Amino acid sequence: MSNKVHFQFFFSIIIVILLFSCKSQKKEAIEQNTTVNSKMDIPKKHTSKKLDSLSLNNIRLWKEYFDLKDFLKVYEEISSREALNNALELKQLTKLAKDSIDIEELKAPAFKARINVFQNEVLRLADMTYIPAITAKEIDLQVKNVFSTFSSLNSKIEHTFRKKSFDNSVKIDSIFNKIR
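Residues numbered from 1 in each chain as written. Predicted model: local features only at pLDDT ≥ 70, side-chain atom pairs only at ≥ 80, totals over all residues. Heavy atoms only, no water.

**Q** Sorry, what's going on with the packing of helix α3 (residues 63-72) against helix α6 (residues 136-170) here?
**A** How two helices pack is summed up by the angle between their axes together with the distance between the axes. Between α3 and α6, whose axes approach to 13 Å, the crossing angle comes to 140 degrees. Relative to α6, the crossing made by α3 is left-handed. Contacts between α3 and α6 involve Tyr65, Leu68, Lys69 and Leu72 from the first element and Val146, Phe147, Phe150, Asn154 and Ile157 from the second. The class makeup of the residues in the contact of α3 with α6 is seven nonpolar, one polar and one charged. (Axes fitted to C-alpha atoms, helices over the stretch in contact; angles between N-to-C directions. Helix = DSSP H or I, 4+ residues; strand = E, 2+ residues; numbered from the N terminus. Left-handed = near helix turned anticlockwise from the far one by under 90°. Contact = heavy atoms within 4.5 Å. Nonpolar A, V, L, I, M, F, W, Y, C, P; charged D, E, K, R; others polar.)

Structure representation (structure tokens):
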């Protein structure tokens, strides 16, 4: 009988040890998860290049661009969690802007390439919403990439309309006619 009592005592001790170790591991996991979640809620600041008045005047009828630009204002100071929550709407607005380009000067391959790159960065951000193990750092980097490519898009718009303005003011054809 004493062996049976010793076995029960030993078995009870093992169970108590396992319970305490499971609780401590669970507590550590909760603490780590809380730390990760708090990083997801820290807002980060982002900026993009703004268009000059000449460019704004030339694209004033492109409503979808302005909807996209206005929505990106939400992303100027945003936490990783909010960035993911808004990513699908940003994806839709980007597609609408890309599909609605009706300005002849912006139908050039160089501009189409930039808007495609911008859309790809937005799509990558939207895809991150489906990755459960994504980190705040990865999301913040992707939002930074979205702003970088949007700035590039704005630079191309400005360059296009500055060149058009320059060409109109110089009248290059008249210069070549005088040389002949």
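**Q** I keep staring at the nonpolar core and nothing clicks. Help me out?
**A** Taken as a class, soluble globular proteins show a tendency for nonpolar side chains to be buried jointly. By size, the foremost hydrophobic cluster in this structure holds 37 residues, and its most contacted members are Ile59, Trp62, Tyr75 and Leu125. Within the residue set of this core, elements represented by two or more residues are α3, α4 (80-99), α5 (109-127) and α6. Among the elements that take part in this core, α6 stands out by supplying nine residues, more than any other. Apart from the residues within four sequence positions on either side, Trp62 is in contact with Ala97, Ser100, Ile101, Ile103, Leu106, Phe111, Ile115 and Ile157. (Core = buried A, V, L, I, M, F, W, Y, C linked by side-chain atoms within 4.5 Å. Buried < 20%, exposed > 50% of the residue type's maximum accessible area, 1.4 Å probe, protein only.)

**Q** Teacher, can you tell me more about the side chain of Ser55 here?
**A** Within the element layout of this structure, Ser55 appears in helix α2 (residues 53-58). Here Ser55 is in contact with Ile157, Glu158 and Phe161, once residues within four sequence places are set aside.

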